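What the coordinates show
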Amino acid sequence: MRSVQPLIETRPPSVAHLFLDRVNATPDAEAYRYPDRTGPDGTVAGDADGTVADEHWHTLTWAQTAQRVKAVAAGLMALGIRPADRVAISSGTRVEWITADLGIMCAGAATTTVYPTTNTDETAFILADSGSRALFAEDTEQLAKAVASRDRLPELTHVILFDAPDGGITADGLTVLTLAELEALGSQHLALDPGAVEAAVEAVDGDGLATLVYTSGTTGRPKGVRLSHDGLAYQGLAQAESALIAADDVQYLWLPLAHVFGKTLVSGQIHTGHTMAVDGRVDRIVHNLPLVRPTVMAAVPRIFEKVCNSAAGNARARGGITYGIFRWAVDVARSHARATEARRLATGRGGAPLGLRLQHALADRLVYAKIRAAFGGRLRRAVSGSAPLAPEITYFFAGAGIPVLEGYGMTETTGAVAVNRQHDMRIGTVGTALPGSEIRIAEDGEVLLRGPGVMRGYHNLPDRTAEALDADGWLYTGDIGELDADGCLRITDRKRDLFKTSGGKFVAPSEIEGRFKAVCPFVSNILVIGEGRNYCTALITLDESVIMPWAAEHGLAGGSYADVVATPEVRRLIDGFVRRLNGELQRWQTVKKFTLLPRDLDVEHGELTPSLKIKRPVVERTYAAAVDGMYEGTNEW
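Residues numbered from 1 in each chain as written. Predicted model: local features only at pLDDT ≥ 70, side-chain atom pairs only at ≥ 80, totals over all residues. Heavy atoms only, no water.

The next point concerns the overall build of the protein. When you go through the protein residue by residue, the secondary structure sums to 21 helices and 26 strands. Against the 2.2 N^0.38 benchmark of 26 Å for 637 residues, the protein shows a C-alpha radius of gyration of 25 Å, consistent with a compact globule. For the protein, the spread of C-alpha atoms along the principal axes amounts to about 75 × 60 × 55 Å. In the protein, which comprises 637 residues, the proportion classed as buried is 56%. In the protein, once contacts between residues fewer than 6 apart in sequence are set aside, the share between residues at least 24 apart is 68%. (Helix = DSSP H or I, 4+ residues; strand = E, 2+ residues; numbered from the N terminus. Rg over C-alpha atoms; globule rule 2.2 N^0.38 Å. Buried < 20%, exposed > 50% of the residue type's maximum accessible area, 1.4 Å probe, protein only. Contact = heavy atoms within 4.5 Å.)

The next point concerns the sheet that holds strand β5 (residues 110-114). Strand order in the open sheet made by the 7 strands is β8-β7-β6-β4-β5-β9-β10, with mixed pairing throughout. This sheet does not close on itself; its edge strands, each paired only once, are β8 (175-178) and β10 (224-228). Each neighbouring strand pair of the sheet contributes to a mean axis angle of 20 degrees, computed without reference to strand direction. Helix α8 (residues 229-241) contacts β9 (209-214) and β10 of the sheet and is inclined by roughly 70 degrees relative to β10. (Pairing = 2+ DSSP bridges. Axes fitted to C-alpha atoms, helices over the stretch in contact; angles between N-to-C directions.)

Core analysis: the biggest nonpolar cluster contains 108 residues, and Phe19, Tyr32 and Phe136 have the highest contact counts within it. If you look at the next biggest cluster of nonpolar residues, it comprises 32 residues, including Phe516, Ala538, Phe577 and Leu585. (Core = buried A, V, L, I, M, F, W, Y, C linked by side-chain atoms within 4.5 Å.)

With that settled, consider the sheet that holds strand β3 (residues 57-61). Taken together, the 9 strands give an open sheet; going across it, the order is β3-β2-β12-β11-β13-β14-β15-β16-β17, and neighbouring strands pair in mixed fashion. Whereas interior strands pair on both sides, the edge strands pair on one side only; in this sheet they are β3 and β17 (432-433). Pairing between strand β11 (residues 250-253) and strand β12 (residues 275-278): 4 bridges, direction parallel. From the neighbouring strand, valine 250 faces β12, where its bridge partner is threonine 275.

Residues Ile321, Ile325, Leu362 and Leu366 make up a contiguous nonpolar surface patch of roughly 350 Å² in combined accessible area. Elements represented by at least two residues in the nonpolar patch include exactly α12 (320-347) and α13 (354-374). Position of isoleucine 321 among the secondary structure elements: in helix α12. (Patch = residues over 30% accessible without salt bridge, like charges linked within 9 Å, V, L, I, M, F, W, Y side chains within 5 Å. Areas by Shrake-Rupley, 256 points an atom, 1.4 Å probe, with all protein chains shown as cover. Salt bridge = Lys/Arg side-chain N within 4 Å of Asp/Glu carboxyl O.)

Further remarks concern the packing of aromatic side chains. According to the stated counting rule, one finds 9 aromatic pairs in the structure shown. Residues tyrosine 535 and tyrosine 631 carry aromatic rings whose centres are separated by 4.8 Å and whose planes lie at 25 degrees to one another, so their mutual orientation is stacked. You can see tyrosine 535 sitting in the loop between β24 (523-529) and β25 (536-542) and its partner tyrosine 631 sitting in the segment after α21 (624-629), a full 96 residues away along the chain. One exposure class covers both tyrosine 535 and tyrosine 631, and it is buried. Put simply, the rings of Phe304, Phe375, Phe396 and Phe397 pair up and form one aromatic cluster. (Phe/Tyr/Trp six-rings, centres within 6.5 Å; stacked < 30°, edge-to-face > 60°.)

Our next topic: helix α17 (residues 544-553). Taken as a whole, α17 has its buried residues at Val546, Ile547, Trp550 and Ala551. The buried residues of α17 occupy an angular sector of 130 degrees when projected down its axis, which confines them to one face. Of the residues trailing α17, glycine 555 is marked for its positive phi of about 75 degrees. (Arc of directions from axis to C-beta.)

Once that is clear, we can look at the packing of helix α11 (residues 301-317) against α12. Two elements in contact, α11 and α12, have axes separated by 6 Å at closest approach and are oriented at 150 degrees. Residues Ala311, Ala312, Ala315 and Arg316 of α11 form the contact with α12, whose own contacting residues are Thr322, Tyr323 and Phe326.

On to unusual backbone geometry, then. If you check the backbone angles, serine 386 has positive phi at about 85 degrees while not being a glycine. Even without a glycine there, the phi angle at asparagine 460 is positive, about 60 degrees. In this structure asparagine 460 comes out as exposed when scored by relative accessible area, which is 52%.

Looking at the element boundaries, isoleucine 547 is found in helix α17. For isoleucine 547, a relative accessible area of 0% gives the class buried. Taking C-alpha positions, isoleucine 547 is 32 Å from alanine 258, a pair spaced 289 residues apart along the chain. Not counting residues within four places of it along the chain, the set of residues in contact with isoleucine 547 comprises Phe522, Leu542, Tyr561, Val564, Val570 and Leu573.

Attention now moves to the pattern of salt bridges. By the definition in use, this model includes 35 salt bridges. Between aspartate 163 and arginine 94 there is a salt bridge, with its nearest N and O atoms 2.9 Å apart. Note that aspartate 163 is positioned in the loop between β7 (158-161) and β8 and arginine 94 in the loop between β4 (86-90) and α3 (95-106), a separation of 69 residues in sequence. Judged by its relative accessible area of 31%, aspartate 163 is partly exposed. Residue class for arginine 94 comes out buried when judged on its relative accessible area of 3%. A salt bridge links arginine 515 to glutamate 584, with the shortest nitrogen-to-oxygen separation between them at 3.8 Å. Residue arginine 515 is found in helix α16 (residues 509-519), and its partner glutamate 584 is found in the loop between α19 (568-582) and β26 (591-596); the two are separated by 69 residues along the sequence. We classify glutamate 584 as partly exposed; its relative accessible area is 40%. One continuous salt-bridge network, built from bridges that share partners, spans Arg302, Glu305, Lys306, Lys517 and Asp543.

Here we come to the confidence of the model for the protein. Looking at the protein as a whole, the pLDDT averages 90, with 94% of positions reaching at least 70. Low pLDDT (under 50) marks residues 39-52, which in the prediction has 17 contacts with non-local residues, meaning those over four places away or in another chain. (pLDDT = per-residue confidence, 0-100.)

In structure tokens form, the structure reads like this:
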């Protein structure tokens, strides 16, 4: 079976073209909002206790953005950057990331993305493998990674700092400029050649390299995915035609721009011209939402999971009656969303039975309105991607008035290739193909994709490219899925993550993990194990912000997180949720034993990718003794 949507026939050849068209169409409209990131003394704004102070938000019109972008582009040309040269960005999400990226593309060059959390060795690998000639670095910490690896980076000649200390800075063998200095250099270049940027954009070939995104990967060295100018421009139009974004939206962008999910959101924003509020500091999300009051926001599943866990924890802390009302409201939200979906699919019209509608109206006043207010009160839709989102969580948000549209895509497809539409949500699926994209299921269940967004290959890895792309342009994703009669795609697991027990039964661990997240409000991460074993086990971490208040209420105050999760009380608590999970599973899927880990998984220890996917081999190696302990005394042969 195949799912395909009509091709978007007319589109500009690049995001650079899209950008100049947008500037010409709405020069005085608001393009970006961004906060002050420094105090008057040049340090990061904050209070003595470590909390971040209120910040003033600035705005840029499209014309003002174009002035900065053109100065960056011309500045790069003045430094000797030529079409197709790679220029890297190593920074958190901020408006300067966007203007630098657009400047690179408007110069005809290609952006290499680097997560600021990437260690020195891997940063050096990415810069060397990509052949990047210049680097936009957020601060001296990112600069230091390039300096420490200077002997491995013969092609790197210039570093441009977003945040630079007073008095300037030097680095052996590198020319270091501030962003303001680069823009000044660009302005001088434009004074001599006013049409330089427009000429460079006009020369951009849609099939040419626009971006090298290095997959964070759950195993091994990252691979550089070659994304074309045409693929990025296609994403902008496809998002709009799928009604994910509209011209009157205000979008809050905090996702990493080094990840394809965040980066392609900018393509859509440029196409529609809506306002985007940009601040990548995750610890500011809760604070920023009521200030930004977005109408649309994209996030990874962990954010929606944490909202659910936090809401449940807050209700529990207020006492039995409040928590009881909250749990009732959760059940009503899910029942209402299910009933509405079922009627819409059966009759084409939504709506729930009268009794459920009355309960829903009461629950809305007591609970849902407060949840919507926490998102700013204007959120029309949210988009979830990068990893599976448990259907029970999606049903809850839908019932609470915040439709979460789950989508599916890869770095290798320039982001989304399928997504749910708000008017036709199919919860539990990732929706239908974006306009111009095709989905097919191979005989073994693997999902195959084809369309304008599919990569041009892996950088410097022809053999890996040949493994992933066939002669007809189909990308082999490594995901297992199925298409229903309406073309909706359901992803069931990663092909490489499926395992077979010693009894010969196949197990899809992500399905079990998703179910557990739906029933346990305390979980942060879970990893189901069982390859070649005679039963399944799990490594579990808990959400510290939720379990610690619970512990205090149950006489366990004063201990660390590690102390708390080691107590019999917490063990019994989680065991109850594991038993509830097992009641929903086939016998061979059930989790017979579990271990609560003494800390959460994180990026710093290499256990999560920057997009918060679990690196299974790393976690299993780190906690091999705990895993072996769950199988001691069993007949494993």
